[in-house]
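Architecture at a glance
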Amino acid sequence: MRFLLNFLGFIFSWLTLGAISGAFAFMFVIWTFSGDLPNHEQLAVYEPPTLSRIYSGDGDLMDEFARERRLFTPIDEIPDLVKQAFISAEDKNFYNHAGYDPVQILAALYDAARGGRLRGASTITQQVMKNFLLDGSRQIERKIKEIVLAARIENTLTKDEILSLYLNEIFLGQNSYGVTAAAQTYFNKSLEELTIAEAAFLAIHPKDPNEYHPVRNPEGAITRRNFVLKEMFENGYITREQMESAQAEGLSTVQGGQILSYRDEMPYRSYFTNEIRRQLSFTLGEEELFAGGLSIRATMDPELQEAAAKALQKGLVAYDRGLEVYYGPIAEIDGAEEMDESQWRSALSSRVLPRDIDGWYPALVLKVGETSVRVGIDSIPEDEDGHYLFVRDAQWARPLDENNRPGSRPDQAADIWKVGDVVMVSRQETDDEVKWVLEQIPAVQGGFVAMDTQTGRVLAMQGGFSYLTSEFNRATQAKRQPGSSFKPFVYAAALDNGYTPATIVVDAPVEVETAEGIWRPQNASLKFYGPAPMRTGIEQSRNLMTVRIAQSIGMDVVSAYAERFGVYENMPPLLSYSLGAGETTLYQMVTAYAMFANGGLRIEPTLVDRVQDRYGVTIYRHDQRDCTDCQGDQIPTDQEPWVRTNATRIMDQITAYQLTSMMQGVTQRGTAAKTVGSVLGVPIAGKTGTTNEAKDAWFIGFTPKIVAGCYIGYDTPIPMGRGAYGGDLCGPIFSDFMKVALEMFPTTRFDQPPGSVFVKMDRFSGVRLPDDATGDYVITELFREGEEPLYGAYGEYIDGGFTMGRDLLFFGRGEEETYDTIQLNGETIIVPANTTFGSISTGGQY
């Protein structure tokens, strides 16, 4: 007995010594690996990278930007069901341990000692440490550090704070980080909408996000999901009945095609949202935009944006169709003749094709007949007999020959199509039939911008025919010559420097000495029209009158005006710039015209109303106006609040009104009368623009509340052909858009500025008429009080001493190289030799 007691004492002593030694060894290991650990306290203020979202003015989701697709959700907003699923799958003792689970660690070491693979045995807290502060290796050293940090963080953060980091950070496959993004990616649901089975499915992914893909490995995914459901039952989170019901469910996901993707409910990325990305990346920084969880409220109006896109696309197609040229397929797919429906649909869906054109669809040529081809159409169910394109409906499609010139019209389907061609098609319905016809993405491009004249809010922007075809934004990035659409800035400068709309300006040859030699500008008609009121110069877009005005007031004055309105930054004082020879953007031009429309107040254009950070704090607001009747953030309910503008005036109000009135003449009698004024039937102020050889075509127009502008031209400037004027190409596009915009902004009347008077004038001669005068030659002009002309007198004649009643002399085209000097009522005028003159009232020649 004594021996047994001694032996037991011996064993106890050795065990005690071993325990003490083990404890010291354990403490030594902990001390050894604790020296260079990262600072765990930073997790208390950690903000996970979160995607930023853009919303339209109506609150609809437009786009999102992220490097990691993560939607942050506070822990108190994550449903218990989701928390319970992940705890059951990853760490059922989460709320009971001190950051690590000794039992699981010993079991893992035991398995490793027997020659097995060292498994993780990591608690949720340890996984947080690994994901945030350590690498993902399974080395013993990293594991020890993980345990140490887990124990420390448990003393720094609450369990819910640790769980919040985990559920918002963890990668769950399909580029989804965090449970909220994963719920949307897999099921197009919010967390609150998830079923028990769906919550369990999300919880299977931390173990291996790629192993349980719902399409590649549905059996494995269901098996692991059912295991998680069993754990949830055993942990008391769900009943047996709920477990069995959930386990019996199949697997329906976005990836499997059973559920519509959230992206299918979002519009395609557009010129508008990409421009927001460009601008905010510059002002806020890319890191803040792509990881800051920003909520961005865009200025875009969805209805106006749709109208702008359709109008521009319609105008570009109309011009392209008039060329009667077929450029060929947009892509080619090999082996199409042997594909069944699922194969050709898969082949089409895998291609990056322009799917952002309303009413147009990509289609694959499957079979070529004599006068028709059978096509498979993306997103369109097959008919019993299939879908066909007919040669008779594509007579415009003349293919290019080896010299890149249009050939003859197609007689047979094989003239323009072959099996494997990917083309664009649209559905056309008539009283007699429904058919599919060939469409073509135009080679010519363009841009369109619409803006609120009072605030600078961009309501619509289309930077080209299709963003998915070309991301280059012609509205903001393309610098092109504005041509005659620049002329209003010359006339604005003149009105502020002694001119009036009735000032007589001679339309006659002008010679300008330049470094390259003598420059002789011409009117578009190659004719000279003699003296006329300044109003006529802008209505009829007279180049020679504009150059003469610019010479009179000085190009330095014109340059200062252009820079003040933001058209150019440093405009050289060259006379050619008075005719729009410098390059600028449509965005800048529309912004400048907005300042004409609002009476001369400076505005800053914007695509963004407001930006809020991830916590809802506003970090940017475009509108800085003050509500004088508001009490703090409270808007009074018993009266209409007044918002006072704080904008800087950059143009006299009377000048702005006079210029606007002259520009209304452009759409009533001038270069846009046929395509704008007669179409809309309301007063629209605007100006056309066409550059040399018709390489660029413009029209910008406005009412008091909205301004819109269009530009058309090839990306590599080439002539667009005879008749390609701004009024003819851009005018119809503007009118189509304004038919929609005028429903929202019906006001077309501009308020009379103080200190001004209206006077009846003869628009041909500039003579003041009696107040009761009527007739198509009568126009009401605005003058500053005290500066209105006398009855029967000209408003002014810039070269003096001229009298001619209501007769407007004009010049017919003479010889180009030789000139005559003539005396006209004491005025010496140089004209081309053999020039003829005519009289408006008599129709005779002199």
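Residues numbered from 1 in each chain as written. Predicted model: local features only at pLDDT ≥ 70, side-chain atom pairs only at ≥ 80, totals over all residues. Heavy atoms only, no water.

Re the confidence of the model for the protein
The predicted structure's coordinates, where accompanied by low pLDDT, should not be read in detail. Our working rule: Per-residue confidence from the predictor is reported as pLDDT, which spans 0 to 100. By definition, residues are in contact when any of their heavy atoms lie within 4.5 Å.
For the protein, per-residue confidence averages 86 on the pLDDT scale, and 82% of positions sit at 70 or higher. Scored below 50 in pLDDT, residues 796-819 shows 86 contacts in the model against residues more than four places distant or in partner chains. pLDDT under 50 marks residues 835-846. Its contacts with residues more than four places away, or in other chains, come to 29 contacts.

Considerations on a nonpolar patch on the surface
Short version of the rule: To count toward a patch, a residue needs a relative accessible area over 30% and no salt bridge; like charges are then connected within 9 Å, while nonpolar side chains (Val, Leu, Ile, Met, Phe, Trp, Tyr) are connected within 5 Å. Reported accessibility uses the Shrake-Rupley method at a 1.4 Å probe radius. Residues are deemed covered only where the shown protein chains occlude them. By convention in these notes, a salt bridge is any Lys or Arg side-chain nitrogen within 4 Å of a carboxyl oxygen on Asp or Glu. What counts as a helix is a DSSP run of H or I of at least four residues, what counts as a strand is a run of E of at least two, and both are numbered from the N terminus.
Residues Leu284, Tyr615, Val617, Ile619 and Tyr620 make up a contiguous nonpolar surface patch of roughly 450 Å² in combined accessible area. Inspection of the secondary structure puts Leu284 in the loop between helix 11 (271-283) and helix 12 (286-291).

Looking at the pattern of salt bridges
Stated precisely, the cut-off is as follows: The rule is simple: take the accessible area with a 1.4 Å probe, protein chains only, and divide by the maximum for that residue type; under 20% is buried, over 50% is exposed, in between is partly exposed.
Per the stated rule, a full pass over the model turns up 38 salt bridges. With its nearest N and O atoms 2.7 Å apart, the salt bridge here joins Asp715 to Arg474. With Asp715 in the loop between strand 24 (706-713) and helix 22 (726-744) and Arg474 in the loop between strand 13 (458-462) and helix 15 (487-495), this residue pair connects regions lying 241 residues apart in the sequence. Judged by relative accessible area, Asp715 falls into the partly exposed class, the value being 41%. The class for Arg474 is buried, based on a relative accessible area of 2%. With its nearest N and O atoms 3.7 Å apart, the salt bridge here joins Asp728 to Lys674. A residue pair is termed long-range when its members are at least 10 positions apart, and Asp728 in helix 22 and Lys674 in helix 21 (residues 673-680) qualify at 54 residues. For Asp728, a relative accessible area of 32% corresponds to the partly exposed category. Lys674 sits in the exposed class, given a relative accessible area of 62%. The structure contains a network of salt bridges with shared partners spanning Arg535, Glu539, Arg669 and Glu781.

Looking at the packing of aromatic side chains
Selection rule: Stacked, edge-to-face and tilted labels apply to pairs of Phe, Tyr and Trp rings (six-membered ring for Trp) whose centres lie within 6.5 Å, assigned for plane angles under 30 degrees, over 60, and everything in between, in that order.
Across all of its chains, the model carries 26 aromatic pairs by this definition. Relative to Tyr95, the ring of Phe94 lies with its centre 5.0 Å away and its plane at 75 degrees, an arrangement referred to as edge-to-face. On the basis of relative accessible area, Phe94 is assigned to the buried category, the value being 0%. Judged by relative accessible area, Tyr95 falls into the partly exposed class, the value being 42%. With a centroid separation of 6.1 Å and 70 degrees between ring planes, the pair formed by Phe489 and Tyr593 is classed as edge-to-face. In this pair, Phe489 sits in helix 15 while Tyr593 sits in helix 19 (residues 586-597), placing the two residues 104 residues apart along the sequence.

Considerations on the state of the cysteines
Just so we agree on the cut-off: When the sulfur atoms of two cysteines come within 2.5 Å, that pair is taken as a disulfide.
Taken as a whole and judged by the stated rule, the model has 1 disulfide. The disulfide partner of Cys710 is Cys730, and the S-S distance across this bridge is 2.4 Å. Note on the Cys710 and Cys730 pair: the S-S dihedral is about -65 degrees, so by sign convention the disulfide is left-handed. With a gap of 20 residues between them, Cys710 in strand 24 and Cys730 in helix 22 connect regions that are remote in the sequence. We note that Cys710, like Cys730, is buried.

Regarding the sheet that holds strand 12 (residues 445-452)
What counts is decided by this rule: Note on pairing: DSSP must find at least two bridges between two strands before they are called paired. Axes here mean lines fitted to C-alpha atoms, for a helix over just the part in contact, with angles spanning 0 to 180 degrees between N-to-C directions.
Taking strand neighbours across the sheet as the criterion, the 5 strands line up as 13-12-24-23-22 in an open arrangement whose pairing is antiparallel. Only two strands of the sheet have a single partner each, and these edge strands are strand 13 and strand 22 (685-690). Put simply, the sheet's adjacent strands are angled 5 degrees from each other on average, direction ignored. With 4 bridges connecting them, strand 12 and strand 13 associate as antiparallel partners. Bridged to Val449 within strand 13 is Met461.

A closer look at the packing of helix 13 (residues 302-323) against helix 22
Quick note on the threshold: Working definition: roughly parallel below 35 degrees, roughly antiparallel above 145 degrees, roughly perpendicular at 65 to 115 degrees, and oblique for all remaining angles. Note on convention: near helix rotated counterclockwise from far helix by under a right angle means a left-handed crossing. Clockwise means right-handed. Gly is placed with the polar residues, together with every amino acid not listed as nonpolar (Ala, Val, Leu, Ile, Met, Phe, Trp, Tyr, Cys and Pro) or charged (Asp, Glu, Lys and Arg).
Look at helix 13 against helix 22: their axes get within 9 Å of each other, and the N-to-C directions meet at 160 degrees. Relative to helix 22, the element helix 13 lies roughly antiparallel. In this structure, helix 13 meets helix 22 at a crossing whose hand is right-handed. For the pair helix 13 and helix 22, the contacting residues are Glu303, Leu304, Ala307, Ala308, Ala311, Leu312, Lys314, Gly315 and Tyr319 in the first and Leu729, Ile733, Asp736, Phe737, Val740, Ala741 and Met744 in the second. Here the residues of the contact of helix 13 with helix 22 are counted per class, giving 12 nonpolar, 1 polar and 3 charged.

What about unusual backbone geometry?
In this structure, Gln174 takes a positive phi of about 55 degrees despite not being glycine. You can see Gln174 is positioned in the loop between helix 6 (159-169) and strand 4 (176-177). Its identity as a non-glycine residue notwithstanding, Asn404 has a phi of 65 degrees, on the positive side. Summarising the element assignment, Asn404 is placed in the loop between strand 9 (387-390) and strand 10 (421-429). Note on Asn404: relative accessible area 56%, which makes it exposed.

Some thoughts on the pairing of strand 5 (residues 295-298)
The side-chain alternation of strand 5 yields one buried face, formed by Ile296 and Ala298, and one unburied face, formed by Ser295 and Arg297. In terms of strand pairing, strand 5 meets strand 18 (residues 608-612) through 4 bridges, oriented antiparallel. By the bridge assignment for strand 18, Ser295 is matched with Gln612.

Observations regarding helix 15
Burial of helix 15 is extensive: 9 of the 9 residues sit out of reach of the surface. Every buried residue belonging to helix 15 is among Lys487, Pro488, Phe489, Val490, Tyr491, Ala492, Ala493, Ala494 and Leu495, and all of these are buried.

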